[in-house]
Amino acid sequence: MRIKNFAPVKLSTRTALLFGVGLFAIAALCLFSARYFFLLNLNEIERQHILQYSTQAKSVIDIVVRNQGERAHDWANWDESYYLVTQGDDAYQERNLYYDGLKNLDLDLMLFLNREGKVVESTMVTDQSLSTDIPSGIIHQLLSSQGLGRILKSIRAGQSSVEQELAGLMAIDDKVLIVSITPIRNSLANSPVGGWLIWGRYLSTIFPSRYSAILSAENTLELVTAKDNIAGKIFPSIQVENEGKSLVACVVLKDINGKPLAILKSSQPRSIVQGGNQLISSLAIAMFAAAVVIGILTLLAFRRKVGSRFLALEKGLEALVKDQYSTRMPVEGNDEFSMVGEVINQILTKSSYTHSALSDVAEKFEALYRNSNLGLLMVLDGKIVDANDTIATILHYPSGKVLIGQPLLNLCSESSREYCQVEPLCQAVAEGTRHFDTDMLSAEGTLVACKLEITPIKQQNGEALMLSIKDVSQQKVQEGLIKQLEKYDAVTGLVNRQTLFEVLKKKLYERHRRPSSDYLSLLYIRIERFNIVAGAFGHQMADEILVALTRELKHRVDCRILGRVAESEFVFVLNTDSRFAPYRYAKKVIAALEQPLIVEGVEVRLSVSVGLVLATPMIASAEEMMNAAEYATYRAGSQKTRIQLLNRGTFEQLKSHSVIQRDMVKAIRDGDIYPKFQPIICAATEEICGFEALARWQHPELGEVSPARFIPMAESRELIIALGSRILEKSCEFLAKVNDLRHNHGLSPLSVHVNLSSPHFSHSELIPLIKSVLKKYQIKPENLTIEITESMLIGSAKKVIHRMQLIKKIGVKLALDDFGTGYSALNSLCEFPLDVVKLDQSFVRRIGVDYQGEILVSNIVSMSNALGLKMVAEGVETENQKLALQALNVDELQGYYFYKPMSAEDGLRFALAGPIKSEHVL
């Protein structure tokens, strides 16, 4: 019979080629994937930056326009101005309308109109630093229907109010003019409107040059023309200019009549994307070169180590398949291994050639034996009778022949002598143990980690043992590296919490055995606001910040033992000859981290708290010392120096802290943490219109525990969701009783505000929980308001908005608590779907104290009203604050001036009360 033809391409060649192609394909795929996602993220970062810069520039223009309108109030309520427009005053211009006066007012022109809309007096500045009458052409443009004409006509016709000033933009001679119109009355403001005061200032003379210090981008103004096709575009828009080198955001500015006037363009160089492209290009070249070198070396090594054995097997087998055979074994495939099947078929079917076939098989087995990738030793009576070259390579001998005749004990280390004697080896095999881990001696006397497999082989002159040996020294090295990595933080390279804890235990033990005059202490450092910074810049930037922090800490404190024990917490273990040295180190750390860190070209500002604990007899263990240091850091946040040394008083507070931690789970489960309710007052009627639920805890040992203590602890122990769920349910139960009682008395229902933590707001079970309690207590969704803080809005805006929309879809309202204390309060109002804004009490305290505070509160209230948001002022404590907030048209008030937080029983009683009276104040 004829042997079938085999494929000309050898299996070894195909394997080597496929391996090389696969290596290049993986490298290319990784590179292109990294480039795509890297540049995509960089592009999005630049888009967000330019949008922020554009919004910033528009806000500056809006403030300038509004300020001009407010400044005109004093001139419009001046008796001389009133007499000018009602009776006439020929000397008015000489007394008041001169060049220096206009410049001091930061104006380019001023115009007085009487009640009939006729010009009484006008003046404007010239390029020659003089003042002159306004030309008729400019007056005509000012009073045209495209300017102020329509507004004046509406006022005279009684269709618009004349009580307030108006300010806006308009085009004059292809320039943008800030124009304001203010009704003129006498100084007591009790006279009818006698006319109007018009102020003008060319925007191009002050913007953007005057505000370049606060503007983050290059800004230009371009008047809208017909070719701009404003109606067909969506603003703000972002476009790439200057051959891809600049990113431009465009915002439309409207004139005082609400029509498109100009396009505000904010541009910045695309430095981030360009730098990313350069980085990716350099990386591509480096990776390609490395892939070529590694691929060639790997291919050569593969051909030499593995391909040689394939070729040897092929040559040995081809000699056996030249003759015919009568009985075939089923053989699949047509590679070298199928040739082995052909050989076996031929040996089994040709009895006349049995002896020669067996000899051939022995030769082929010898070829396999010699070229195996395992080291092989044949041992008889304790001596090596054969060895292949692989074991010689593993043990650094010239060849396997050198080992023949040597006792097996010569290759065994002291620790592995039991594996090198025939009798114990045979006994182990008989008991079912064939695999061993051991160290063998190389030719130089060094130890090589190996895995042994023992196979007994029957021979005519006795039983031999074949030892298959694999070099696992590299694997052991890798395992050692893995164990090493388990002790260190992957980001900073510092020891981790567990390793640091073991170091501290060891030092305390050594100190106990051999007392020393040195002072052992812990310096526990917490980086405040790190989560907010990480949320703002992303995880990659957060890791870079941690590396920079580590470098700064090592530079400031001369100590080898520094560990990262939490996301933003570091610990120094100090041995000093002075008990004051740790405090000096703490001051160095505070001073250093008060300065901004420059990371990847970004200025990052962080604050830090430091807890300091000395090893003293009152510290019994490493665990107590670590807990004490962590607590001291927590207390340091309230210190002016931001440093807290654990003293006896602080240690007693730590005990109470431990008691709170111990009892918190039981308190939440048993309802010992419960809500109190502070009424919210309608500013117009001074009646109760709702309540805010505030968590309280009356501890049997510690008395009343402040929420500022137990809520952060609940968040750190992941109990905040259970706590928030209980407060939400108890608040809805209280609201159901309140509204049932008011319904029976014919009164309208009230609402309740419930605060949510960030983990609870993001929890998957929040939406089902809200629906469940609303249904259980038969509460209308609009009577429940969920309060969130501005820090919860930082991060993935899309996810936060989606979660807020799910809550609003139920009908529940959303309130932004502590408004004005976060990073981007104005953006929060515009970007997120809110219903209520709660003005932080820090703004309320400024009322009656400084004029700027009152202006700020006034602007915030006006902005909230313009956005359709209800405004609630917190922390009202005085009569003056109440009256001022009512005058500013704040919707609702809350504070100790009206009521302190009260029990549910008192809340039911006061829910039926009328307008607030002095005797109601609790």
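About the criteria used
- Residues numbered from 1 in each chain as written.
- Predicted model: local features only at pLDDT ≥ 70, side-chain atom pairs only at ≥ 80, totals over all residues.
- Heavy atoms only, no water.
- Helix = DSSP H or I, 4+ residues; strand = E, 2+ residues; numbered from the N terminus.
- Buried < 20%, exposed > 50% of the residue type's maximum accessible area, 1.4 Å probe, protein only.
- Contact = heavy atoms within 4.5 Å.
- Areas by Shrake-Rupley, 256 points an atom, 1.4 Å probe, with all protein chains shown as cover.
- Pairing = 2+ DSSP bridges.
- Axes fitted to C-alpha atoms, helices over the stretch in contact; angles between N-to-C directions.
- Salt bridge = Lys/Arg side-chain N within 4 Å of Asp/Glu carboxyl O.
- pLDDT = per-residue confidence, 0-100.
- Phe/Tyr/Trp six-rings, centres within 6.5 Å; stacked < 30°, edge-to-face > 60°.
- Parallel < 35°, antiparallel > 145°, perpendicular 65-115°, else oblique.
- Left-handed = near helix turned anticlockwise from the far one by under 90°.
- Nonpolar A, V, L, I, M, F, W, Y, C, P; charged D, E, K, R; others polar.
- Expected span 1.5 Å × (residues − 1).

Draft legend 1. Structural context of the overall build of the chain. Assigned secondary structure in the chain consists of 28 helices and 31 strands. A total of 922 residues make up the chain; the buried ones form 43% of that total. Within the chain, counting contacts between residues at least 6 apart in sequence, those at least 24 apart form 62% of the total. Working note: accessible area of the chain is about 49,000 Å², and carbon and sulfur atoms make up 53% of it.

Draft legend 2. View of the sheet that holds strand 4 (residues 166–172). Read from one edge to the other, the open sheet built from six strands follows the order 3-2-1-6-5-4, with strand pairing classed as antiparallel. The open sheet has two edge strands with one neighbour each: strand 3 (131–132) and strand 4. Alignment of strand 1 (residues 109–114) against strand 6 (residues 195–202), held across six bridges, turns out to be antiparallel. Note on strand 6: the bridge partner recorded for L113 is W196. The sheet strands contacting helix 2 (residues 79–86) are strand 1, strand 2 (119–125), strand 5 (175–184) and strand 6, and the helix crosses strand 1 at an angle near 55°. Against the sheet, helix 6 (residues 149–156) touches strand 1, strand 4, strand 5 and strand 6, its axis set at about 160° to strand 6.

Draft legend 3. Representation of the side chain of S864. Along the chain, S864 falls in helix 26 (residues 851–866). Of the residues examined, S864 reaches a relative accessible area of 0% and is grouped as buried. Leaving out residues up to four positions away in the same chain, S864 has contacts with L829, V837, L869 and M871.

Draft legend 4. Examining the environment of S187 more closely. Within the element layout of this structure, S187 appears in the loop between strand 5 and strand 6. Residue classification places S187 among the partly exposed positions, given a relative accessible area of 44%. Separated by 105 residues in sequence, S187 and Y82 place their C-alpha atoms 8.5 Å apart. If we skip the residues at most four places from it in the chain, S187 touches N77 and D79.

Draft legend 5. Quick look at the pattern of salt bridges. Per the counting criterion, the structure on display carries 27 salt bridges. Of the charged contacts, one joins R201 and D106 as a salt bridge, the two residues approaching to 2.8 Å between their closest N and O atoms. Pair noted here: R201 is in strand 6 and D106 is in the loop between helix 4 (99–104) and strand 1, with a separation of 95 residues, a long-range link. You can call R201 buried: its relative accessible area is 6%. Taking the shortest distance from any N to any O, the salt bridge between D108 and R201 comes out at 2.8 Å. With a gap of 93 residues between them, D108 in the loop between helix 4 and strand 1 and R201 in strand 6 connect regions that are remote in the sequence. Taken individually, D108 and R201 each receive the classification buried, so the pair is uniform in this respect.

Draft legend 6. Molecular detail of unusual backbone geometry. Omega for the peptide link from F207 to P208 comes to 10°, which places this bond in the cis form. With respect to the helices, strands and loops of the structure, P208 is situated in the loop between strand 6 and strand 7 (218–223). The backbone of D173 sits at a positive phi, close to 50°, despite the residue not being glycine. Looking at the element boundaries, D173 is found in the loop between strand 4 and strand 5. The partly exposed category is assigned to D173, whose relative accessible area is 47%. Residues other than glycine seldom take positive phi values, yet E600 does so here, at roughly 55°. Along the polypeptide, E600 turns up in the loop between strand 19 (597–599) and strand 20 (602–604).

Draft legend 7. A look at the confidence of the model for the chain. Averaged over the chain, the pLDDT score is 81; the fraction of residues at 70 or greater is 83%. Per-residue pLDDT stays below 50 along residues 918–922; that stretch engages in 14 contacts with residues further than four places along the chain or on separate chains.

Draft legend 8. Focus on the packing of aromatic side chains. Taken as a whole and assessed by the stated rule, the structure comprises 10 aromatic pairs. Aromatic side chains W75 and W199 sit 6.3 Å apart centroid to centroid with 70° between the ring planes, which places their arrangement in the edge-to-face category. Taken together, the residues span a long stretch of sequence, with W75 in helix 1 (residues 11–76) and W199 in strand 6 at a distance of 124 residues. Summarising the burial analysis for this pair, W75 and W199 share the class buried. A ring pair is formed by Y897 and F898, whose centres lie 5.0 Å apart and whose planes are at 85°; its orientation type is edge-to-face.

Draft legend 9. Geometry of the packing of helix 15 (residues 539–556) against helix 16 (residues 581–594). One way to put it is that helix 15 packs onto helix 16 with a least axis distance of 10 Å and a crossing angle of 140°. On the basis of the axis angle, helix 15 is oblique to helix 16. Of the two possible hands of crossing, helix 15 and helix 16 adopt the one that is right-handed. The residues of helix 16 that touch helix 15, namely those facing L549, E552, L553 and R556, are Y585, K588, V589, A592 and L593. For the contact of helix 15 with helix 16, the class distribution of residues is six nonpolar, no polar and three charged.

Draft legend 10. Expanded view of helix 20 (residues 720–744). The terminal C-alpha atoms of helix 20 lie 36 Å apart, and with 25 residues this matches the ideal 36 Å at 1.5 Å per residue to within 8%. G746 sits one or two residues past helix 20 and shows a positive phi near 75°.

Draft legend 11. Just the sheet that holds strand 7, in detail. On the basis of which strands lie adjacent, the open sheet formed by four strands has the order 7-10-9-8 and antiparallel pairing. Of all strands in the sheet, those with a lone pairing partner are strand 7 and strand 8 (237–241), marking the two edges. Going from strand to strand, the sheet's axes swing by 30° on average, the running direction of each strand aside. Both strand 8 and strand 9 (residues 246–254) contribute to a ladder of five bridges, which runs antiparallel. From the neighbouring strand, V240 faces strand 9, where its bridge partner is L247.

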